[in-house]
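Residue strings, one per chain:
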Amino acid sequence: KQSQQQQQDAKQQQSIPHFIDTIDWDISSPSTPTPEEFAANIAIQYGLSFAQTMDLADSIQKQVDDFLRVQMTQFYNPITCLDCYGNERPNSHYWPSEISGGGGRSVKGGGGEGTTKLTIQRSNSTTSRKSRGEGGSSKASSSRGRVKSQSGIIEVIPPDQVQKANPSGNIYAAEVLKRAKAESQRHVREIIARGGLALEVTENESCHICRKGKSSGLRFHCGSHAFCDMHCAHRLSCRVHDFDATNTENLLVDYCPCCSLSCTCGRCSRKLDSVAKILEVECKRQNCGPEEVVVDNFFYHCSPSLGSKPAGAQKKKVTIADSDASFGGGTKRGRSSIDKLSNRSTRTALEGDGSRPPKKRKVDTMPRVVVPKVPISELPKEFYGGHEIPPPHPEDYEKVFTPHGSFVPETEDLGKVDASKYQPVIPIALGNFETCAVCNEGVDLVLCGRCPRGYHAKCLTGDGFTGEITQPWTCHRCTADKEIGPDDELSGLDSSDVKIKAAYQHLEEYAYNAQLLQALLEIINKLTEYDFGNIFAVPVDTDGLPDYLDIIKSPMDYGTITTKLESGLYQATAEESQNTFSEKMHTMEAIVLQVIRDIEQVHHNCAIYNSKGSSYYRCANVHSRKWKALFKKFILDRLPQCIKTNLTCIRKAFKIERERPNQVRSFIALNPNRSGFKPYAVFDPDTNRIVKQYSSKSSVRTAITELLAAGYACEYKLDENGMRILIDKSGKDPSISIMGYRWLVLDDLRSGKVAFMKEGEAV
């Protein structure tokens, strides 16, 4: 059957018509078509398929190339300045491509200068069609182990179109590029002064980008990096053939793009980001700009070819254990290296029972950068029920831990860290006030877990509390915050204040909205007289809080709202803000909305500036709950729909801003009586002392998350899972640190199960 099929193919091949035509091909004329254009015209005239058209174009191009290569002493520019699609060809070097072999093509001389007669023959062989996917299959020859020549025309990219490193414009990365390039250029000048070669044309050199051997390449001064001809054209705007070894004053490139990190490949881009991160951390630590910062071993971070190896740095030694015994039989040296390579893929499957072992997640535990330690005073505290949780083993704070055990030193000096060099100290506030909510006296208070109130046991009974106190405990006034009591009733719902009448009676829609303003004014007075109302009654003292106005853009308080409402100042602000509302309103309606917004702005500002869970944060929640209860009872049902719609938009904006991460000053509020949790120690590897103790790993993760949110630098880009893995590995690997500390299981540290760095060993 196969022989019959071959005979049928041969007959069909013979039946295909052939033609040979001789034409004049004027190479010097711009009007001469390209081979592709000529083949396309023939295809239209004779009805050729796409594959046949491309075969014809290839045949013409090969005959032209052979004629130019063999019979002409110089090479002319391409036939036309436009390609087959009508696009203008970019500037490039023009010389014939290197084509091996040539059989089957004939060139007949003739014509004048620059003109030749070519015998153009359409090929009917099935080889070219098979290579295009038409029928049959051809076996590709293996090219492994051979250096492929760079065939085809390589276009040189103009310098202004070459992709540059640091496209985001990072100032630290720009400084790294500037310094590294200057250092690389200095090395080139030194090599030239010694009479050496700063650039060298090589053969069979591995390209830094291709990672493959190429027939020609350009090796840079470092001797470790080289670009192939194509990437010289695309990245350096030059060709390897342009290099003149005798002209050392006019080099194609006077620096190594790889050592200077100006190469835009993935490896160099990642290295640039890493070194830029080191520079950024040092800028914050030294409190200076990127041009002034000093970084130890800076050029070694960029490339070992630019800088010397840091003193004391050692390479990590890896011991490869021979595992031939797991294959059953054979001596330790009885297997050749080829056998080991051939069984590499099956080695993981040959465990004890023959089953494949479970995959383990690999985590890169090598720190990329060195960051300053977080000050000891900044480590978040653990609170429960308003009281700080005592450490599990307070006596361990006095000990120094070593690989041989622990001891109490004669001198007590923890070596405090100066935090002012890179970040101000963040205060940590308590969750409750230290005075009784009834008698305003302190000592021995029962603290509420929801609001900032505290009580004496005897005062609770006199204040109407009759229940049982169990932790976590919520006081009875927290329930009253959400309810309307007899003292919360409003008296002037159907009347208007004299000052309000004088300020706004000339405005449209005054009659109805004046009653709303009167009710809002009475609610403000009740909030001022309510618990902690004195905190919100007057403006915040910004002299004692220098960063308040940097965080809070719209300061507000109850006293300011009352003054603006009674003096008529809300009319001007309401008219100015008309364009910011989603629905148009009358001026009086806009005034009502502005008053409501300012009341909620008071609570919003307090929650934004203060730490979540602090006493002042809880005060804002108390007044917010009371305001919402009064608003729902006396205001909500009386509001026009336009005010309700705009108020919904304002509250959504408040919610988004409140959920946005800001400077965190919170503490950890956890239950210390939970069972089944191991206490953890924050261990300083420089002093070998414990600086903080936490009751559980959950507290450790929360503390690290809070410090990251506060802006402290970390050696790693951590997510929740990566943080957990690093904490688990910290006890066995002394090189792992998070924010300058090791986070260890306290019992393991006390029992000597924690690994320590050996003397002279560098991280």
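Refer to the structure printed above.
What counts and how
- Residues numbered from 1 in each chain as written.
- Predicted model: local features only at pLDDT ≥ 70, side-chain atom pairs only at ≥ 80, totals over all residues.
- Heavy atoms only, no water.
- Helix = DSSP H or I, 4+ residues; strand = E, 2+ residues; numbered from the N terminus.
- Buried < 20%, exposed > 50% of the residue type's maximum accessible area, 1.4 Å probe, protein only.
- Areas by Shrake-Rupley, 256 points an atom, 1.4 Å probe, with all protein chains shown as cover.
- Core = buried A, V, L, I, M, F, W, Y, C linked by side-chain atoms within 4.5 Å.
- Contact = heavy atoms within 4.5 Å.
- Expected span 1.5 Å × (residues − 1).
- Polar contact = N/O pair within 3.5 Å; in protein donor to acceptor, adjacent residues only side chain to side chain.
- Phe/Tyr/Trp six-rings, centres within 6.5 Å; stacked < 30°, edge-to-face > 60°.
- Lys NZ or Arg CZ within 6 Å of the ring centre and 35° of its normal.

1. Focus: the overall build of the chain
- Of the regular secondary structure elements, the chain holds 23 helices and 18 strands.
- Every one of the 763 residues in the chain was classed for burial, and the buried ones make up 40%.
- Accessible surface, the chain: about 44100 Å² in total, of which carbon and sulfur atoms supply 49%.

2. Quick look at the nonpolar core
- Core analysis: the largest hydrophobic core is formed by 63 residues, its most contacted members being Y504, L517, L520, I596 and I635.
- Among residues more than four places away in sequence, those in contact with Y504 are Y510, L517, K564, L565, G568, L569, Y570, Q571, M588 and I591.
- By size, the runner-up hydrophobic cluster in this structure holds 39 residues, among which are C238, C256, C258 and C283.

3. Comments concerning helix α7 (residues 266-286)
- Relative to the 30 Å expected for 21 residues at 1.5 Å per residue, α7 spans 30 Å between its end C-alpha atoms, a close match to the ideal helical length.
- The set of residues buried in α7 consists of C268, L272, V275, A276, I278, L279, V281, E282 and C283.
- Contacts from the buried residues of α7 go to α5 (171-193) and α8 (298-302).
- Remark: N287 follows α7 within two positions and exhibits a positive phi of approximately 55 degrees.

4. A word on the environment of Q601
- Mapping Q601 onto the fold places it in helix α18 (residues 587-609).
- Q601 gets classed as buried once you look at its relative accessible area, which sits at 5%.
- With 46 residues separating them in the primary sequence, Q601 and P555 have C-alpha atoms 7.9 Å apart.
- With near-sequence residues (within four places) excluded, Q601 lies in contact with S554, M556 and F654.
- Polar side-chain contacts of Q601 include one of 2.7 Å to the side chain of N605.

5. Re the environment of G613
- Mapped onto the elements, G613 comes out in the loop between α18 and α19 (615-634).
- G613 sits 162 residues away from C451 along the chain, and the two C-alpha atoms are 8.9 Å apart.

6. Concerning the packing of aromatic side chains
- The tally for this structure, following the rule as stated, stands at 11 aromatic pairs.
- Taking 5.3 Å as the distance between ring centres and 85 degrees as the angle between the ring planes, the aromatic pair formed by F220 and F227 counts as edge-to-face. Across this residue pair, the class does not change: F220 and F227 are buried.
- Their ring planes at 40 degrees and their centres at 5.6 Å tell us that F433 and F532 sit as a pair that is tilted. Taken as a pair, F433 in the loop between β12 (405-407) and β13 (446-447) and F532 in the loop between α13 (510-529) and α14 (533-536) lie far apart in primary sequence, 99 residues in all.
- Judged by relative accessible area, which is 22%, F433 ranks as partly exposed.
- In textbook terms, an aromatic cluster arises when at least three aromatic residues are bridged by ring pairs, as seen for F401, F683 and F756.
- When the ring centre of Y570 is taken as origin, the NZ or CZ atom of K564, which lies over that ring, is 4.5 Å away.
- Here the guanidinium or amino end of K692 rests over the ring plane of Y694, the centre of that ring lying 5.8 Å away.

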